Amino acid sequence: MSLYTTQDEKKKAAAKAALKHLPKGGILGVGTGSTVNFLIEMLPELQLEAAVSSSEATAERLRKLGIEVVDMNSVASLDAYVDGADEIDANLHMIKGGGAALTREKIVASIAKKFVCIVDDSKWVNQLGVGFALPVEVIPMARSAVARKIVSLGGDPVYREGVVTDNGNVILDVHNLNILNALELEKTINDIPGVVCNGIFAINKADIAVVATDNGIEERTAG
């Protein structure tokens, strides 16, 4: 018997449990997605100095709550970054990018002192890439060239039609990748000319995962 009747209740519980890991009065990096949206509604109680957003949609939500959104170039570091994940494993490596904000998410995460990942347990997996395709942000002119390189790595790239990122680029969703070494594959794909960023977060992995399970909240670290 689950403590929660809906998936949204789980997401909201994970968001609420993450608050204690976030700075009061500091500068917070804020990600994108349905679980983060629940968290954003709770952020006013932290009385943040400011926030750096990973997407235009998140920035708009923050401003509506009266939270100042600043350009990342104006800050040297962030007290923490909080975001969800499409998949996360026991190493706290993640796949992100279902909402096409992966590049900005990765950039913001790179200057944070702590990365807090908030998810429900449906996102927790034994191996990345089995149940969720890997998003890759690509410069439009390089789409076909990048796709051919990815095929040579064993992936099956599919163009996400009708989607343009906040950076003006396109997304390839790569199916059937065997992600056994997330760190190496992240670097390999990023080295393909025309790739802006891929959705493996192993270099900038989470420091802690706040996971909502049927039995309640679990805080997990890499192990």
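Structure: see above.
Residues numbered from 1 in each chain as written. Predicted model: local features only at pLDDT ≥ 70, side-chain atom pairs only at ≥ 80, totals over all residues. Heavy atoms only, no water.

Enquirer: Help me understand the packing of aromatic side chains in this model?
Expert: A ring pair, where both rings are aromatic, is described by two values, the distance of the centres and the angle of the planes. For the structure on display, the rule yields one aromatic pair. A cation over an aromatic ring shows up here: arginine 143 above the ring of tyrosine 159, its NZ or CZ 4.0 Å from the ring centre. (Phe/Tyr/Trp six-rings, centres within 6.5 Å; stacked < 30°, edge-to-face > 60°. Lys NZ or Arg CZ within 6 Å of the ring centre and 35° of its normal.)

Enquirer: I would appreciate a short explanation of the nonpolar core in the present structure.
Expert: Side chains of a nonpolar character, in soluble globular proteins, are inclined to be buried together. If you look at the biggest cluster of nonpolar residues, it comprises 25 residues, and the most contacted ones within it are Leu22, Leu28, Val30, Leu39, Leu43, Val116 and Ile118. The contact partners of valine 30, leaving out residues within four places of it in the chain, are Val36, Ile40, Leu43, Ala51, Val52, Ser53, Ser54, Thr58, Leu62, Tyr81 and Val82. (Core = buried A, V, L, I, M, F, W, Y, C linked by side-chain atoms within 4.5 Å. Buried < 20%, exposed > 50% of the residue type's maximum accessible area, 1.4 Å probe, protein only. Contact = heavy atoms within 4.5 Å.)

Enquirer: For this particular structure, what's the right way to read the pattern of salt bridges?
Expert: If charged atoms from side chains of opposite charge come close, those side chains can pair. Applying the stated criterion across every chain, the model contains 11 salt bridges. The residue aspartate 121 makes a salt bridge to lysine 10 at a minimum N-O spacing of 2.7 Å. Pair noted here: aspartate 121 is in the loop between strand E6 (115-120) and strand E7 (134-138) and lysine 10 is in helix H1 (residues 7-18), with a separation of 111 residues, a long-range link. Residue classification places lysine 10 among the buried positions, given a relative accessible area of 7%. (Salt bridge = Lys/Arg side-chain N within 4 Å of Asp/Glu carboxyl O. Helix = DSSP H or I, 4+ residues; strand = E, 2+ residues; numbered from the N terminus.)

Enquirer: What should I look at first to understand empty space enclosed by the protein in this one?
Expert: One simple way to see leftover space: roll a probe sized like a water molecule over the atoms. Under the defined criterion, the tally for this structure stands at one cavity of 30 Å³ or more. Here the largest cavity defines a volume of roughly 30 Å³. If you trace the largest cavity, you find it lined by Ala100, Ala101, Leu102, Thr103, Arg104, Glu137, Thr165, Asp166 and Asn167. Here the residues of the lining of the largest cavity sort into three nonpolar, three polar and three charged. (1 Å grid on protein atoms, 1.4 Å probe; cavity = no way out; pocket = protein on both sides within 12 Å on 5 of 7 lines; lining within 4 Å. Points joined across faces, edges and corners; volume = space filled by probe spheres on them. Nonpolar A, V, L, I, M, F, W, Y, C, P; charged D, E, K, R; others polar.)

Enquirer: What exactly am I supposed to notice about helix H5 (residues 143-152) here?
Expert: Along an α-helix, residues three or four apart share an orientation, since each turn contains 3.6 residues. Taken as a whole, H5 has its buried residues at Val146, Ala147 and Ile150. Angularly, the buried residues of H5 cover 105° about the axis, an arc narrow enough to put them on a single face. Residues of H5 that are exposed and angled more than 90 degrees away from the buried face: Arg148 and Ser152. For H5, the secondary structure elements touched by its buried residues are E7, strand E8 (156-159), strand E9 (170-175) and strand E10 (195-198). Following H5 by one or two positions, glycine 154 has its phi on the positive side, about 100°. (Arc of directions from axis to C-beta.)

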